[in-house]
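A structural walkthrough
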Amino acid sequence: QVQLVESGGGLVQPGGSLRLSCVGDGNIVSVYTMGWYRQAPGKQRELVAAITSSSGSTNYADSVKGRFTISRDNAKNTVSLQMNSLKPEDTAVYYCNADGAYYDSRYDRVAAFDSWGQGTQVTVSS
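These figures come from a predicted structure and were not determined experimentally.

Focus on the packing of aromatic side chains
The relative placement of two aromatic rings is captured by the distance of their centres and the angle of their planes. Taken as a whole and assessed by the stated rule, the structure comprises 2 aromatic pairs. Judged by centre distance (6.3 Å) and plane angle (75 degrees), the rings of Tyr 102 and Phe 113 are edge-to-face. Taken together, the residues span a long stretch of sequence, with Tyr 102 in strand 9 (residues 92-104) and Phe 113 in strand 10 (residues 109-116) at a distance of 11 residues. Each member of the pair, Tyr 102 as well as Phe 113, carries the same accessibility label: buried. Against the face of Tyr 95 rests Arg 45, its NZ or CZ located 3.8 Å from the ring centre.

Structural data, given as structure tokens:
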């Protein structure tokens with residue numbers, strides 16, 4: 001299977017910046033869409049930003065437009081989220097997500113994957 005490993009969370013003051021990174025590992029053949037989701041306490045997980053591999057088109061939640069920027073490196077199977085002008089309401093656990101195809105050596109075939117990272121905490125507080 002494909003594993004996603006996130007890094008870059010932490011504590012930051014309002015108005016500050018953080019950069020999250022996520023790298024995929026595990027016989028990846030191709031990655032279609034990579035994105036970031038977040039879940040605050042007592043709330044449902046929501047899409048923050050996503051980016052496709054083919055065209056590089058992006059999609060952002062209205063609440064982060066103009067403040068967050070998603071980017072990816074297809075050759076390295078990585079996706080990053082630059083978060084600027086952070087607000088207390090951005091506090092949440094941020095999860096990386098990716099879907100695509102990988103080589104399953106157990107069955108000697110290419111199979112689809114849709115994987116999640118373990119999550120990284122982002123806290124915006126003074």
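Here we look at the sheet that holds strand 1 (residues 3-7)
Taken together, the 4 strands give an open sheet; going across it, the order is 1-3-8-7, and neighbouring strands pair in antiparallel fashion. Two strands close off the open sheet at either side, each with one partner strand: strand 1 and strand 7 (68-73). The average undirected angle you get between the axes of adjacent strands in this sheet is 15 degrees. Both strand 3 (residues 18-25) and strand 8 (residues 78-83) contribute to a ladder of 6 bridges, which runs antiparallel. Across the sheet, the residue bridging to Leu 18 is Met 83, located in strand 8.

Cut-offs used in this document
Residue positions are given per chain, counted from 1 along the sequence in the order it is written. Reporting in this predicted model follows two pLDDT cut-offs: at least 70 for local features of residues, and 80 or more for side-chain atom pairs to be given and counted; totals over whole chains, interfaces and linings ignore these cut-offs and use all residues. To obtain the side-chain values, all non-hydrogen atoms of the structure were used and water was disregarded. When the centres of two rings from Phe, Tyr and Trp lie within 6.5 Å, Trp using its six-membered ring, the rings pair. Their planes under 30 degrees apart give stacked, over 60 give edge-to-face, and anything left gives tilted. Numbering of helices and strands runs from the N terminus; a helix is a DSSP stretch of H or I covering at least four residues, while a strand is a stretch of E covering at least two. Under the scheme applied here, a residue whose accessible area is under 20% of the maximum for its type counts as buried, over 50% as exposed, and between as partly exposed, the area being computed with a 1.4 Å probe on protein chains only. By definition here, charges over rings are those cases where NZ of Lys or CZ of Arg is within 6 Å of the ring centre and within 35 degrees of the ring normal. A pair of strands is considered paired only if DSSP assigns at least 2 bridges between the two. Throughout, an axis means a line fitted to C-alpha atoms (over the contacting stretch in the case of helices), and angles, computed between N-to-C directions, take values from 0 to 180 degrees.

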